[in-house]
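# Structural characterization, general
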Amino acid sequence: MHYEFAFYQVRPSSTPSVSEPLEIASYSMTEDCSFHLDDRQLRYYYPPLPHSDLNSGYPDKYHPPKAGAHPISAAKGVLDQKHVDAKAELFSWRGLITKIMCAPLYPKSQWELKLRMDAESGTIFMEEGESSETTYENQDRMCYWGYKFEAISTLPTIWDACSRSDIEDRDNQLVIPDEQYCSIVKYHIGRTRLILAGEIDCVWDAKPGVTPDSDLDGKVTNDPASNETEGQNEEPLPASKRRKVDDVHDSTDPSPTLENPSPHYCELKTSKKQPLEHVGMRRKLLKFWAQSYLLGIGTIVIGFRNDDGVLVEIKELPTRQIPNLLRPYAKPQDWTANRLLVVLEQELDWLKKCVQKHPPNTKFTLQYSANSKLILRVHS
Ligand code: UBG
Ligand code: MG
Ligand code: MG
């Protein structure tokens, strides 16, 4: 038995209401893939040297990722250990919601996710399914370029508390992508209450509540309990507090507060530089936007590179400016940020409705395979 969701059947609708993603917990993963309920892996943005060569250190100083796809129970475990009793209808990795939301942008991609509704809480947990990731030429080196950009664009603590070598030796340090700092946020998109977990590359300025402590080997710490903000943001927000997709000068948008660090976070990306007239460039920027928007990340820094992996330009962009940046170049058939949010709202409604028709703990796979529709398969 299966259900289908076709993108051409998405009903025209106004952009759904989306509340501000509120961080309810954060944690760190170390190279040995163990989880720590603190901010030890939080990094701080500091621009790299212009014209840096992203090949530097490859492969000698590279420890390729070995963690594999993470089960969503890992993020749920963090909430349990921190005694955060947050409720949601859907609990997933941010990257998987990015996949669902951006599926219409990539009609040739193929992926599979696994879903299951927990009997006790009624929450639908979603995680990676069987991977059918195709490899492409030079993939390992190009992935390294992305990780290397992260290594040379960040510091272990705020600039003031860094040693000269922390700053000047960034190009010589090991590149270890399994070292990660992650944030777990709670909010609603349209009618769906979500908890999403995802990796945060760095903080743009500083994380509220975190202060550098020189006794801790240059690392910073944070009291995990200070993140436990259960109970906030449960109800849909009034119109005046809702997030706007593309209003750069939106005076109603809440400014960063001590309680919520998400707008201080920063996503680092690398990309070949192409003009915005190029459909591939517009599509890529929209995906960068979606990935960051879904965790409430305030800034995206793009390291544009040439074909040889040498940085040619560094662009620092507030996440919410990206839809405005793309607008003058959009063709009538282009997917826009607003349309992707409309699709996502309806996809989430459809998923909930289908899953709730079956007893808890029924297993589902959600498949996308180059046919402009999602297929939800029910397994007995
Ligand atoms: P996303 O999708 O928003 O991506 C955020 C960041 O996670 C990326 O940064 C990458 O640094 C990393 N990441 C995402 N997908 C992969 C991937 N396929 N392989 C390696 N890194 C990835 N995560 C790991 O930390 N280590 C792994 O070895 C790893 N292996 C994976 C293998 C497979 C087959 C799949 C499907 C996923 C794998 N992941 C791995 C991803 C995790 O399952 C998990 O999704 C992620 O760690 C955190 O979730 P999100 O932040 O939601 O992920 O976008 O700048 O390139 P950037
Ligand atoms: Mg990353
Ligand atoms: Mg990144």
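Scroll up to find the structure.
Reading the values: rules and limits
- In this convention, every chain numbers its residues from 1, walking through the sequence in written order.
- Throughout, the order in which chains and ligands are written sets their labels, letters from A for the former and numbers from 1 for the latter.
- Two thresholds apply to this predicted model, a pLDDT of at least 70 for residue-level local features and 80 or more for giving and counting side-chain atom pairs, whereas whole-chain, interface and lining totals are computed over all residues.
- Processing note: side-chain calculations cover all non-hydrogen atoms of the structure and skip hydrogens and water entirely.
- The salt bridge definition used is simple: a Lys or Arg side-chain nitrogen within 4 Å of an Asp or Glu carboxyl oxygen.
- Secondary structure elements follow DSSP: runs of H or I of four or more residues count as helices, runs of E of two or more count as strands, with numbering from the N terminus.
- Three labels apply to residues, based on accessible area from a 1.4 Å probe with only protein chains included: buried if under 20% of the type maximum, exposed if over 50%, partly exposed otherwise in between.
- Orientation is described by lines fitted to C-alpha atoms, with helices fitted over the stretch in contact, and by angles between N-to-C directions that extend from 0 to 180 degrees.
- Comment on the angle field: the value is read as roughly parallel under 35 degrees, roughly antiparallel over 145, roughly perpendicular from 65 to 115, and oblique elsewhere.
- Handedness of a crossing follows from how the near helix is turned relative to the far one, being left-handed for an anticlockwise turn of less than a right angle and right-handed for a clockwise one.
- By definition in these notes, contact holds between two residues if any of their heavy atoms fall within 4.5 Å.
- Any residue that is not Ala, Val, Leu, Ile, Met, Phe, Trp, Tyr, Cys, Pro, Asp, Glu, Lys or Arg is counted as polar, Gly included; the first ten are nonpolar and the last four charged.
- Each metal's donors are the N, O and S atoms within 2.8 Å of it, or within 3.2 Å when it is Na, K or Ca, and because water is not part of the set, sites may look incomplete.
- Only strands joined by at least two bridges in the DSSP assignment are considered to pair.
- Proximity is defined per residue: any heavy atom of the residue falling within 4 Å of a molecule or strand makes that residue near it.
- The definition of a polar contact used here is a pair of N or O atoms within 3.5 Å, where within protein one atom must be able to donate a hydrogen and the other to accept one, and adjacent residues in sequence count solely through side-chain atom pairs.
- Under the convention used here, a 1.4 Å probe and the Shrake-Rupley method define accessible areas, while residue burial counts only the protein chains that appear.
- Crossovers are marked right-handed if the path from the first strand over the helix to the second runs clockwise, as seen with the strands pointing away from the viewer.
- Expected helix span is taken as 1.5 Å per residue step, with the number of steps being one fewer than the number of residues.

## Looking at the pattern of salt bridges
Here the structure, examined in full by the defined rule, presents 18 salt bridges. A salt bridge links Asp-39 to Lys-207, with the shortest nitrogen-to-oxygen separation between them at 3.5 Å. With Asp-39 in the loop between β3 (35-36) and β4 (44-45) and Lys-207 in the loop between β11 (202-203) and β12 (211-212), this residue pair connects regions lying 168 residues apart in the sequence. For Lys-207, a relative accessible area of 2% puts it in the buried group.

## Regarding the packing of helix α5 (residues 279-293) against helix α7 (residues 337-356)
Here α5 crosses α7 at 50 degrees, and the two axes come no closer than 11 Å. It follows from the interaxial angle that α5 and α7 lie oblique. At the point where α5 passes α7, the crossing takes the right-handed sense. In this structure, α5 contributes Leu-286, Trp-289 and Tyr-293 to the contact, and α7 contributes Ala-337, Leu-340 and Leu-341. Here the contact of α5 with α7 is composed, by residue class, of 6 nonpolar, no polar and no charged.

## Looking at the coordination of the magnesium ion (ligand 2)
In the first shell of the magnesium ion (ligand 2), the protein supplies Glu-150 (OE), Glu-199 (OE) and Asp-201 (OD), at 2.3 to 2.8 Å from the metal. Expressed as a motif, the donor residue spacing for the magnesium ion (ligand 2) is E-x48-E-x1-D. The exposure class assigned to Asp-201 is buried, which follows from its relative accessible area of 7%.

## Section: the sheet that holds strand β6 (residues 110-117)
As summarised here, the arrangement of the 10 strands in space is β1-β18-β17-β6-β7-β5-β10-β9-β2-β3, forming an open sheet in which the pairing is mixed. Edge positions in the open sheet fall to β1 (2-6) and β3, since each of these has one partner strand only. Here strand β17 (residues 363-369) runs beside strand β18 (residues 373-379); their pairing, made up of 6 bridges, is antiparallel. Bridging from a neighbouring strand, Gln-367 pairs with Ile-375 of β18. On the sheet, α7 packs against β1, β5 (90-93), β6, β7 (124-128), β9 (180-189), β10 (192-199), β17 and β18 and is oriented at approximately 170 degrees with respect to β1.

## Quick notes on helix α2 (residues 94-102)
Among the 9 residues of α2, 7 are classified as buried, and the element is accordingly described as predominantly covered. When we look at burial in α2, the residues that qualify are Arg-94, Leu-96, Ile-97, Thr-98, Ile-100, Met-101 and Cys-102.

## Description of the site of ligand 1
Surrounding ligand 1, one finds 24 residues, the nearest of these being Arg-94, Gly-95, Gln-180, Glu-199 and Lys-269. Lys-269 has a polar side-chain atom sitting 2.8 Å from an oxygen atom of ligand 1. Between ligand 1 and the protein, one listed contact pairs an oxygen atom with a side-chain N or O atom of Gln-291 at 2.9 Å. Computed on the free molecule, ligand 1 has an accessible area of 850 Å², of which 78% lies beneath the protein chains in the complex. Those elements that provide at least two residues to the shell around ligand 1 are α2, α3 (139-152), β10 and β14 (265-272). When its residues are assigned to classes, the shell around ligand 1 shows 7 nonpolar, 7 polar and 10 charged.

## Considering the pairing of β14
Buried residues dominate β14, accounting for 7 of its 8 residues. Pairing analysis gives 7 bridges linking β14 to strand β15 (residues 299-305), with the strands arranged parallel. Each residue of the ladder has a partner; that of Glu-267, found in β15, is Ile-300. For the segment spanning β14, α5 and β15, crossover handedness is right-handed.

## A few points about α7
For α7, spanning 20 residues, the distance from its first C-alpha to its last is 29 Å, which sits close to the expected 28 Å at 1.5 Å a residue. Buried residues dominate α7, accounting for 16 of its 20 residues.

## Here we look at the environment of Val-343
With respect to the helices and strands, Val-343 occurs in helix α7. Separated by 241 residues in sequence, Val-343 and Cys-102 place their C-alpha atoms 9.0 Å apart. Discounting chain neighbours no more than four positions away, the residues touching Val-343 are Phe-5, Phe-7, Val-10, Pro-104 and Trp-335.

## Some details on the side chain of His-36
Relative to the elements of secondary structure, His-36 occurs in strand β3. Polar contacts involving the side chain of His-36 include one to the side chain of Thr-30, which spans 3.1 Å. At 3.1 Å, the side chain of His-36 forms a polar contact with the side chain of Ser-34.

## Here we look at the coordination of the magnesium ion (ligand 3)
Around the magnesium ion (ligand 3), the donor atoms from the protein are Asp-201 (OD), Glu-267 (OE) and Leu-268 (O), and they sit 2.1 to 2.3 Å away. Sequence positions of the donors to the magnesium ion (ligand 3) reduce to the motif D-x65-E-L. The distance between the magnesium ion (ligand 3) and the magnesium ion (ligand 2) is 3.1 Å, with Asp-201 acting as a donor to both metals. Pair noted here: Asp-201 is in the loop between β10 and β11 and Leu-268 is in strand β14, with a separation of 67 residues, a long-range link.

Everything listed here is a matter of geometry and, on its own, says nothing about what the molecule does.
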